[in-house]
Amino acid sequence: MTSLAGLAQIVDEAARTATAIPQLTDTLPGLTVDDAYAVQALSVARRRARGERRAGFKMGLPSRAKMAQVGVSEVIWGRLTDAMRLGEGGELHRSRYVHPRVEPEVAYILKKPLEGEVSAAEALAALEAVAPAVEIIDSRYRDFKFALPDVVADNSSSSGFFVGPWACPSTDVANLGILMEVDGRPVQIGSTAAILGDPIRSLVAAARLVARAGERLEPGDVVLAGGATAAHPLAPGMHVQTTFQRLGRVAFSVVA
Ligand code: OOG
Ligand code: MG
């Protein structure tokens, strides 16, 4: 059987070279979710060895819209590096991805650590700031199709993120309207309440789930709370603008 390190190399190379691969579970139907998280950790260690730095964590599939879109119904998480952070108002290069999609999220940045079982009040007290954000997800699997262990091993499709203006941590983001437009045309409309009822619950879940992997959320970490709506496929020439009630907007253009 292929080692976990061997699987980490496969998913990391697929991401690095923007090449679609078959699902790991096609040939390894017994791959467990725990093994998949170990593969994820090893693949992100390869990025770190190339000089990428820790930037935080992303939560995945916190909303029904997202679960329905990909057919996996469990909250998952992944790791962010500084190389994934894209410049707000800037450009996204389509050729660096296999089949990128964009989804509206809420970003938190921490000023205190969070570890294990924490309350929503403790999570709020650990916040430095909150911001509107969009995540660029790019499953490395052919046709964006995967089972739970596949997507977890593939760092939960992490590939990029744009963060808008940081706001005061006491800003209530529990139920804010979101409008995502492509070239001025609405493509997704939703609310931050789709994220586990309130995105702060996603931060609480992040503290709990990363602790299972022996890690904790650290001061300076960015945590993406997860997609509030289904994700929208990206193509060169598109201008994407996502407006969040109260928080402001995040915009970028897609180039070849
Ligand atoms: C898995 C990652 C999901 C989210 O915010 O729900 C995710 C995927 O849809 O490829 O990032
Ligand atoms: Mg996401």
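Residues numbered from 1 in each chain as written. Chains lettered and ligands numbered in written order. Predicted model: local features only at pLDDT ≥ 70, side-chain atom pairs only at ≥ 80, totals over all residues. Heavy atoms only, no water.

Peer 1: Got a minute to help me understand the coordination of the magnesium ion (ligand 2) in this structure?
Peer 2: Angles at a metal have ideal values that depend on geometry: 109.5 degrees with four tetrahedral donors, 90 or 180 degrees with six octahedral donors. Protein coordination at the magnesium ion (ligand 2) comes from Glu103 (OE), Glu105 (OE) and Glu135 (OE), with a distance range of 1.9 to 2.0 Å. Spacing between the donor residues of the magnesium ion (ligand 2) along the chain follows E-x1-E-x29-E. Here glutamate 135 lies in strand S6 (residues 127-137) and glutamate 103 lies in strand S5 (residues 101-110), a separation of 32 residues in the sequence. Accessibility expressed as a relative area gives 3% for glutamate 103, which makes it buried. (Donors = N, O, S within 2.8 Å, 3.2 Å for Na, K, Ca; no water. Helix = DSSP H or I, 4+ residues; strand = E, 2+ residues; numbered from the N terminus. Buried < 20%, exposed > 50% of the residue type's maximum accessible area, 1.4 Å probe, protein only.)

Peer 1: So what exactly am I meant to see when it comes to the pairing of strand S1 (residues 54-60) here?
Peer 2: Residues in a regular strand point their side chains to alternate faces of the sheet. With six of seven residues buried, S1 is to be regarded as a mostly interior element. In terms of strand pairing, S1 meets strand S2 (residues 76-81) through six bridges, oriented antiparallel. Bridge pairing in S2 links phenylalanine 57 to arginine 79. Both S1 and strand S10 (residues 222-224) contribute to a ladder of three bridges, which runs parallel. By the bridge assignment, phenylalanine 57 is partnered in S10 with valine 223. (Pairing = 2+ DSSP bridges.)

Peer 1: Which parts of the structure should I look at to understand the site of ligand 1?
Peer 2: Near ligand 1 lie 18 residues; those nearest to it are Lys58, Leu61, Glu103, Ser157 and Gly227. Here an oxygen atom of ligand 1 sits 2.8 Å away from a polar atom, N or O, in the side chain of lysine 58. Protein chains bury 100% of the 310 Å² of accessible surface belonging to ligand 1 in isolation. Going through the elements one at a time, S1, helix H4 (64-70), S5 and S6 are the ones with two or more residues in the shell around ligand 1. The residue makeup of the shell around ligand 1, split by class, is eight nonpolar, five polar and five charged. (Near = heavy atom within 4 Å. Polar contact = N/O pair within 3.5 Å; in protein donor to acceptor, adjacent residues only side chain to side chain. Areas by Shrake-Rupley, 256 points an atom, 1.4 Å probe, with all protein chains shown as cover. Nonpolar A, V, L, I, M, F, W, Y, C, P; charged D, E, K, R; others polar.)

Peer 1: Would you explain the pairing of strand S7 (residues 158-163) in this entry?
Peer 2: Counting buried residues along S7, six of its six residues qualify, which places the element largely inside the surrounding structure. As defined by bridge partners, strand S3 (residues 85-86) adjoins S7 across two bridges and the pair is classed as parallel. What sits directly across from arginine 85, in S7, is phenylalanine 161. As defined by bridge partners, S6 adjoins S7 across five bridges and the pair is classed as antiparallel.

Peer 1: How should I be thinking about the sheet that holds strand S8 (residues 177-182) in this particular structure?
Peer 2: Picture the strands of a sheet paired through backbone hydrogen bonds; they go either parallel or antiparallel. Taken in spatial order, the five strands line up as S4-S13-S12-S8-S9 in an open sheet, and their pairing is mixed. Whereas interior strands pair on both sides, the edge strands pair on one side only; in this sheet they are strand S4 (91-93) and strand S9 (185-191). Taking the axes of each pair of neighbouring strands and ignoring which way they run, one obtains an average angle of 20 degrees across the sheet. As paired elements, strand S12 (residues 239-244) and strand S13 (residues 248-255) share six bridges and run antiparallel to each other. Pairing of threonine 242 across the sheet is with valine 250, part of S13. (Axes fitted to C-alpha atoms, helices over the stretch in contact; angles between N-to-C directions.)

Peer 1: Even after reading the chapter, I still don't get the side chain of arginine 140, so can you show me in this structure?
Peer 2: With respect to the helices and strands, the residue arginine 140 is situated in the loop between S6 and helix H6 (148-153). At a separation of 2.8 Å, a polar atom in the side chain of arginine 140 contacts the side chain of aspartate 154. Within the structure, arginine 140 has its side chain in polar contact with the backbone oxygen of serine 158 (distance 2.9 Å). Not counting chain neighbours up to four residues away, the residues in contact with arginine 140 comprise Val11, Ala14, Ala15, Thr19, Ala20, Ile21, Val98, Asp154, Ser157, Ser158 and Ser159. (Contact = heavy atoms within 4.5 Å.)

Peer 1: In this structure, what is going on with helix H1 (residues 4-17)? I would like to understand it.
Peer 2: Note: α-helices contain 3.6 residues per turn, so residues at a spacing of three or four share the same orientation. With 14 residues, H1 extends 20 Å from end C-alpha to end C-alpha; this agrees with the ideal 20 Å at 1.5 Å per step. Those residues of H1 that are buried are in contact with helix H2 (24-27), helix H3 (33-49) and H6. Just past H1, the residue alanine 18 takes up positive phi, approximately 50 degrees. (Expected span 1.5 Å × (residues − 1).)

Peer 1: What's the story with the environment of glutamine 23 in this structure? I'm lost.
Peer 2: Within the secondary structure, glutamine 23 sits in the loop between H1 and H2. For the pair glutamine 23 and proline 149, spaced 126 residues apart in the sequence, the C-alpha separation amounts to 9.3 Å. At 3.4 Å, the side chain of glutamine 23 and the backbone nitrogen of alanine 147 are in polar contact.

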